[in-house]
Amino acid sequence: EAAVVPDVGYCDHTRASAVAASGKIAFRTRSEEEILDDGYKWRKYGKKSVKNSPNPRNYYRCSTEGCYVKKRVERDKDDANYVVTMYEGVHNHASPGTVYYAAQDPASGRFFVTGTHHLAP
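This write-up is about the structure you can find in this document. (Residues numbered from 1 in each chain as written. Predicted model: local features only at pLDDT ≥ 70, side-chain atom pairs only at ≥ 80, totals over all residues. Heavy atoms only, no water.)

Moving on, we come to the overall build of the protein chain. Within the protein chain, the regular secondary structure consists of one helix and eight strands. Listing the helices and strands of the protein chain from first to last along the sequence gives β-α-β-β-β-β-β-β-β. Once local pairs closer than 6 in sequence are excluded, the contacts in the protein chain between residues at least 24 apart make up 38%. A total of about 8000 Å² of accessible surface is found on the protein chain, and carbon and sulfur atoms cover 50% of it. (Helix = DSSP H or I, 4+ residues; strand = E, 2+ residues; numbered from the N terminus. Contact = heavy atoms within 4.5 Å. Areas by Shrake-Rupley, 256 points an atom, 1.4 Å probe, with all protein chains shown as cover.)

Printed below as a string of structure tokens:
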């Protein structure tokens, strides 16, 4: 079963990947929008009615070739003001909406990541 992060107000999928290393993690977020931007591109592959809920569950796969991360999105059955998003797996690529900042180590001449920034859609 997935660990559920209570109402975080945003979806930080990078943190989810670190926490869930090889498992599942779910976010419960207050939102009028059902599809929350997490910085990755997704392809919808299914929709299913959920027992004891008026809201359907939607299934997505990461659209990057060779990445097998899945996510499941549905409205909370007890409070439709919330969206529950469950991720399964870890992305094997960078987020397409992320800019990486690098600096060079003077001793070795190697570059390293000093920070990231998510681009607004």
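It is worth spelling out the environment of Y40 at this point. By the element assignment, Y40 lies in the loop between β2 (24-30) and β3 (42-48). When the C-alpha atoms of Y40 and H91 are compared, they prove to be 9.3 Å apart, with 51 residues separating the residues in sequence.

Time to look at the packing of aromatic side chains. Inspection of the entire model under this criterion finds three aromatic pairs. Relative to Y87, the ring of F27 has its centre 6.2 Å away and its plane inclined at 80°; by these criteria the two rings are edge-to-face. Of the two residues, F27 sits in strand β2 while Y87 sits in strand β6 (residues 82-88), which places them 60 residues apart along the sequence. For F27, a relative accessible area of 1% gives the class buried. On the accessibility criterion, Y87 (2% relative accessible area) is buried. Ring geometry for Y45 and Y59: centres 6.0 Å apart, planes at 50°, overall tilted. Note that Y45 is positioned in strand β3 and Y59 in strand β4 (residues 57-62), a separation of 14 residues in sequence. Given a relative accessible area of 34%, Y45 falls into the partly exposed group. Residue classification places Y59 among the buried positions, given a relative accessible area of 17%. (Phe/Tyr/Trp six-rings, centres within 6.5 Å; stacked < 30°, edge-to-face > 60°. Buried < 20%, exposed > 50% of the residue type's maximum accessible area, 1.4 Å probe, protein only.)

Grouped together as the largest cluster of nonpolar side chains are eleven residues: I25, F27, Y40, W42, Y60, C62, C67, V69, V73, V83 and Y87. Of all elements in the fold, only β2, β4 and β6 reach the threshold of two or more residues within this core. (Core = buried A, V, L, I, M, F, W, Y, C linked by side-chain atoms within 4.5 Å.)

What follows is about unusual backbone geometry. Even without glycine at this site, N52 takes up a positive phi of about 65°. Position of N52 among the secondary structure elements: in the loop between β3 and β4.

Without other data, these values stay purely geometric and don't point to any function.
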